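# Chain and residue survey
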Amino acid sequence: MDSNTSAADLLKKVRKIEIKTKALSHQIFAGEYHSAFKGRGMAFSEVREYQYGDDVRNMDWNVTARLRSPYVKVFEEEREMTVMLLIDISRSGFFGTAGSTKRDLIAEIAAVLSFSAIINNDKVGALFFSDRVEEFIPPRKGRGHLLHIIREIIGLQPKSPGTDIGEALRFLTNAIKQKCTAFVLSDMMDAEPDGSPRYEDALKVAVNRHDISVIKVFDGRERTIPDVGLVHVKDSETGKSAWVNTSSAKVRRAYSESVQAADAAALKLFRRYQVDNVEIATGSDYVKGLMAFFGRR
């Protein structure tokens, strides 16, 4: 009975997110997505009679000779791409204080990107990761395939609690041989104690093969500690816990500085390897964030 109830709840969530994000993709994102993420090149479409100003390098000499009139080849953008979604389902994603969790936000953004890709006749695949690859769905087309991905985005539970973005990038590099457009959807909480990203080596390799973009989700409460006295906190991924005196200005300042250092190190890394990125907060209008992101490309 419990399993039937949870299955029914899951179907309701899938349907709700499909209705919302499909509408957004049709009304807003399809055109922006098309402009931002180009196809692989130009493909031959047809021939037509030569017009003043046409590039003579496109002349079709066989047709010209046969019809005894100048004809040129017409090319169109070869739009079909492969889109891969690298979706972080680690335990830290279940945090949220602004009406939704980071996992909820990732699910909606992933669905919008998926529908935008399908509208543009692109193939979509998904790679779900924690500190290991939890599931890999090879890229395909079609609504049924897309709904399968959305069901997994909503319902898949991680077998491991941690985060290893480098492992996901390495899997992508090995699994997808032809160039693809890949979105990393994560809170990007994967840094050394000094704040430096642990995934630099894997990113350096991946960007040489694929077009990588990072969509970082975060919750505003993660960036500062409120003054609420002595509290017991626990890391959802490592399980470590400690008592923290949040009334200490020194403690609050040290925490904020460590978060800022990690953010700055990640941005520096993205600039170094020319990785497009955007940050979107829980409770914010992610439509604006994505539109700005597409526009920058």
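In this convention, every chain numbers its residues from 1, walking through the sequence in written order. In view of the model being predicted, local features appear only for residues whose pLDDT reaches at least 70, and side-chain atom pairs are presented and counted only at 80 or more, with totals across whole chains, interfaces and linings using the full set of residues. Computation of side-chain values covers all heavy atoms of the structure but excludes hydrogens and water.

The next subject is the overall build of the protein. What the protein contains, in helices and strands, is eight helices and ten strands. Only protein chains enter the accessibility calculation, which uses a 1.4 Å probe; a residue whose area is less than 20% of its type maximum is buried, one above 50% is exposed, and one in between is partly exposed. With 297 residues in all, the protein has 43% of them scored as buried. Pairs of residues are marked as contacts when any of their non-hydrogen atoms sit within 4.5 Å. Excluding contacts between residues fewer than 6 apart, the proportion of contacts in the protein whose partners are at least 24 apart in sequence is 75%. Counting every atom, the protein has about 15,900 Å² of accessible surface; 51% of that belongs to carbon and sulfur. Comment: elements are numbered from the N terminus, with helices defined as DSSP H or I runs of at least four residues and strands as E runs of at least two. Computed by Shrake-Rupley with a 1.4 Å probe, the accessible areas treat only the displayed protein chains as cover when residues are assessed.

Right, let's talk about the packing of aromatic side chains for a bit. In this scheme Phe, Tyr and Trp rings, the latter by its six-membered ring, pair at centre separations within 6.5 Å, and the angle between planes marks the pair as stacked below 30 degrees, edge-to-face above 60, and tilted otherwise. Tallying each qualifying case throughout the model produces two aromatic pairs. With a centroid separation of 5.9 Å and an interplanar angle of 40°, the aromatic rings of Phe293 and Phe294 are classed as tilted. Each member of the pair, Phe293 as well as Phe294, carries the same accessibility label: buried. By definition here, charges over rings are those cases where NZ of Lys or CZ of Arg is within 6 Å of the ring centre and within 35 degrees of the ring normal. Arg223 extends its terminal NZ or CZ atom over the ring of Phe218, reaching a point 3.8 Å from the ring centre.

Before going further, it helps to examine the packing of helix 3 (residues 102–119) against helix 4 (residues 143–155). Angle between the axes and distance between the axes: these two values describe a pair of packed helices. Here helix 3 crosses helix 4 at 170°, and the two axes come no closer than 9 Å. As summarised for this structure, helix 3 and helix 4 are arranged roughly antiparallel, according to the angle between their axes. Packed against helix 3, whose contacting residues are Arg103, Ala107, Ala110, Ala111, Ser114, Phe115 and Ile118, the element helix 4 presents Leu146, Ile150, Glu152, Ile153, Ile154 and Gly155 at the interface. Three residue categories are used. Nonpolar comprises Ala, Val, Leu, Ile, Met, Phe, Trp, Tyr, Cys and Pro, charged comprises Asp, Glu, Lys and Arg, and polar comprises the others, including Gly. Here the residues of the contact of helix 3 with helix 4 sort into nine nonpolar, two polar and two charged. Axis definition: a line fitted to C-alpha atoms, over the contacting stretch in the case of helices. Angles run 0 to 180 degrees between N-to-C directions. In these notes the angle categories are as follows: under 35 degrees is roughly parallel, over 145 is roughly antiparallel, 65 to 115 is roughly perpendicular, and the rest is oblique.

Time to look at empty space enclosed by the protein. Buriedness of a pocket was judged along seven lines, with at least five required to meet protein on both sides within 12 Å; pockets are open sets of points on a 1 Å grid over the protein atoms alone, cavities are sets where a 1.4 Å probe fits but cannot get out, and lining residues have an atom within 4 Å of a point. Grid points are joined across faces, edges and corners, and a volume is the space filled by probe spheres set on the points. Enumeration over the complete set of coordinates arrives at one cavity of 30 Å³ or more. A volume near 50 Å³ is recorded for the largest cavity. Among the elements that line the lining of the largest cavity, the one with the most residues is helix 7 (residues 249–272), at four residues. Taken together, the residues of the lining of the largest cavity break down into four nonpolar, one polar and three charged.

The next point concerns the packing of helix 3 against helix 8 (residues 286–296). Between helix 3 and helix 8, the least distance of the axes is 11 Å, while the angle of their chain directions is 50°. Taken together, helix 3 and helix 8 sit at an angle that is classed as oblique. Crossing angle aside, the handedness with which helix 3 passes helix 8 is right-handed. Here Leu105, Glu108, Ile109, Val112 and Leu113 of helix 3 lie close against helix 8, whose contacting residues are Tyr286, Leu290 and Phe294. Put simply, a crossing is left-handed when the front helix is turned counterclockwise from the back one by less than a right angle, and right-handed when it is turned clockwise.

Glancing now at the confidence of the model for the protein. When the pLDDT values of the protein are averaged, the result is 85; 86% of them are 70 or greater. Along the chain, pLDDT gives the predictor's confidence residue by residue, from 0 to 100. In the model, residues 1–5 has pLDDT below 50 throughout and makes zero contacts with residues more than four positions away in sequence or in other chains.

The next point concerns the pattern of salt bridges. Each reported salt bridge corresponds to a side-chain nitrogen of Lys or Arg within 4 Å of a carboxyl oxygen of Asp or Glu. Going through the model one piece at a time under the given rule, you end up with 13 salt bridges. The closest approach of N and O atoms between Asp187 and Lys102, which form a salt bridge, is 2.8 Å. Residue Asp187 is located in the loop between strand 6 (181–186) and helix 6 (200–206), and its partner Lys102 is located in helix 3; the two are separated by 85 residues in the primary sequence. Judged by relative accessible area, which is 5%, Asp187 ranks as buried. Judged by its relative accessible area of 0%, Lys102 is buried.

With respect to the helices and strands, the residue Ser116 is situated in helix 3. The term polar contact refers here to a pair of N or O atoms within 3.5 Å; inside protein, the definition further demands a hydrogen-donor-capable atom paired with an acceptor-capable atom, and it admits residues adjacent in sequence only when both atoms are side-chain atoms. A distance of 2.9 Å separates a polar atom in the side chain of Ser116 from the backbone oxygen of Val112.

A few words now on the sheet that holds strand 6. Two strands pair if DSSP finds at least two bridges between them. The strand order across the open sheet built from six strands is 5-4-3-6-7-10, with neighbouring strands paired in mixed fashion. The outermost strands of the open sheet, each flanked by one partner alone, are strand 5 (133–140) and strand 10 (276–281). Recorded for the sheet is a direction-independent mean angle of 15° between the axes of neighbouring strands. Pairing of strand 7 (residues 211–218) with strand 10, which is carried by six bridges, proceeds in the parallel orientation. Looking at strand 10, one finds that Ile215 is bridged to Val278. Contacts from helix 8 reach strand 6, strand 7 and strand 10 within the one sheet, and its direction differs from that of strand 10 by about 170°.

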